[in-house]
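Descriptive analysis of the structure
Residue strings, one per chain:
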Amino acid sequence: QVQLVESGGGLVQPGGSLRLSCAASGSGFMINAMGWYRQAPEKQRELVAGITVGGATNYTDSVKGRFTISRDNAKNTVYLQMNSQKPEDTAVYYCNADAWTVGSRRFRDYWGQGTQVTVSS
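Below is a summary of the structure that appears in this document. (Residues numbered from 1 in each chain as written. Predicted model: local features only at pLDDT ≥ 70, side-chain atom pairs only at ≥ 80, totals over all residues. Heavy atoms only, no water.)

**Notes on the overall build of the chain**
For the record, the criterion: Only DSSP runs of H or I reaching four residues or more are called helices, and only runs of E reaching two or more are called strands; each is numbered from the N terminus. Throughout, radius of gyration means the C-alpha value; the globule benchmark is 2.2 Å times the number of residues raised to the power 0.38. The rule is simple: take the accessible area with a 1.4 Å probe, protein chains only, and divide by the maximum for that residue type; under 20% is buried, over 50% is exposed, in between is partly exposed. Only heavy atoms enter the contact rule, under which two residues are in contact if any of them lie within 4.5 Å. By the counting scheme adopted, Arg and Lys are positive, Glu and Asp are negative, and His together with the chain ends is not counted. The atoms used to mark charge sites are NZ of Lys, CZ of Arg, CG of Asp and CD of Glu.
Across its full length, the chain holds zero helices and eleven strands. Start at the N end of the chain and walk to the C end: the helices and strands fall as β-β-β-β-β-β-β-β-β-β-β. Relative to its length of 121 residues, the chain is compact, with a C-alpha radius of gyration of 14 Å against a globular reference of 14 Å. Looking at the chain as a whole, 39% of its 121 residues are labelled buried. Within the chain, contacts between residues separated by at least 24 positions form 55% of all contacts whose residues are at least 6 apart in sequence. Separation between the mean location of the 12 positive side-chain charges and that of the 9 negative ones in the chain comes to 5 Å.

Dropping the structure here:
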């Protein structure tokens, strides 16, 4: 099994910044792509940003130029730097990892527990 633990959420004013972190732990695992999703009240969960093991990134249009995803493969950690935040960024943010564990036949999705981000004055 792979455990994903997020940190860094909280309350921020419009125009402010937050940095989310997500560390993967466990034994005998390998991680491929990682990403951040978010889910606002009464809305579907959406992909915010993704990053491959090689560092290629993709972003949903609404965060391009404001958010930056990065990862430290040695620490099995992914980050999301969120700048110029807007009220519409308010949501629960979830870390995701495409990972393989010893004994598994294939990679599968793992999810963190979620961290609340609220953008409000």
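**Overview of the sheet that holds strand E1 (residues 2–7)**
Heads up, the condition is: Here, strands pair whenever DSSP counts at least two bridges between them. As a rule, the C-alpha atoms of each element are fitted with a line to give its axis, helices using only the stretch in contact, and angles between N-to-C directions run from 0 to 180 degrees.
Taken in spatial order, the four strands make up an open sheet running E1-E3-E8-E7, and their pairing is antiparallel. What marks the edges here is a single partner per strand, and that holds for E1 and strand E7 (67–72). Pairs of neighbouring strands in the sheet enclose a mean axial angle of 15 degrees, with direction left out of account. Summarising the sheet, E7 and strand E8 (residues 77–82) pair through six bridges and their orientation is antiparallel. Looking at the pairing, Asp72 lines up with Thr77 of E8.

**Thoughts on the side chain of Glu6**
Test applied: We define a salt bridge as a side-chain nitrogen of Lys or Arg found within 4 Å of a carboxyl oxygen belonging to Asp or Glu. Each polar contact in these results corresponds to two N or O atoms within 3.5 Å; when the atoms are within protein, one needs to be able to donate a hydrogen and the other to accept it, and residues that are neighboring in sequence are counted only if both atoms are side-chain atoms.
Looking at where Glu6 falls in the secondary structure, it is placed in strand E1. It is Arg45 that comes nearest to the buried, bridge-free Glu6 among opposite-charge side chains, at 7.8 Å. There is a polar contact of 2.6 Å between the side chain of Glu6 and the backbone nitrogen of Cys95. A distance of 3.1 Å separates a polar side-chain atom of Glu6 from the backbone nitrogen of Gln113. Apart from the residues lying within four places of it in its own chain, the contact partners of Glu6 are Ser21, Cys22, Trp36, Tyr93, Tyr94, Cys95, Gly112, Gln113, Gly114 and Thr115.

**Concerning the pattern of salt bridges**
A side chain of one charge can pair with a side chain of the opposite charge when the charged atoms of the two come close. Going through the model one piece at a time under the given rule, you end up with four salt bridges. A salt bridge links Arg38 to Asp89, with the shortest nitrogen-to-oxygen separation between them at 3.1 Å. Taken together, the residues span a long stretch of sequence, with Arg38 in strand E4 (residues 29–39) and Asp89 in the loop between E8 and strand E9 (91–101) at a distance of 51 residues. In terms of burial, Arg38 and Asp89 fall into one category: buried.

**Overview of unusual backbone geometry**
Keep in mind that most residues, glycine aside, have a negative phi and that most peptide bonds are trans. Although it is not a glycine, Asn76 sits at a positive phi angle of roughly 50 degrees. By the element assignment, Asn76 lies in the loop between E7 and E8. Here Asn76 falls in the partly exposed class, since its relative accessible area comes to 25%.

**Looking at the state of the cysteines**
Disulfide: a covalent bond connecting the sulfur atoms of a pair of cysteines. Cut-off, in case you're wondering: Disulfide: a pair of cysteine sulfur atoms within 2.5 Å of each other.
In total, this model carries one disulfide according to the counting rule given. Between the sulfur atoms of Cys22 and its disulfide mate Cys95 the distance is 2.1 Å. Measuring handedness by torsion sign, the sulfur bridge of Cys22 and Cys95 sits at about -80 degrees and is left-handed. With a gap of 73 residues between them, Cys22 in strand E3 (residues 18–26) and Cys95 in strand E9 connect regions that are remote in the sequence. Here the two residues Cys22 and Cys95 agree in accessibility, since each one is buried.

Read these as geometric descriptors, not functional statements.
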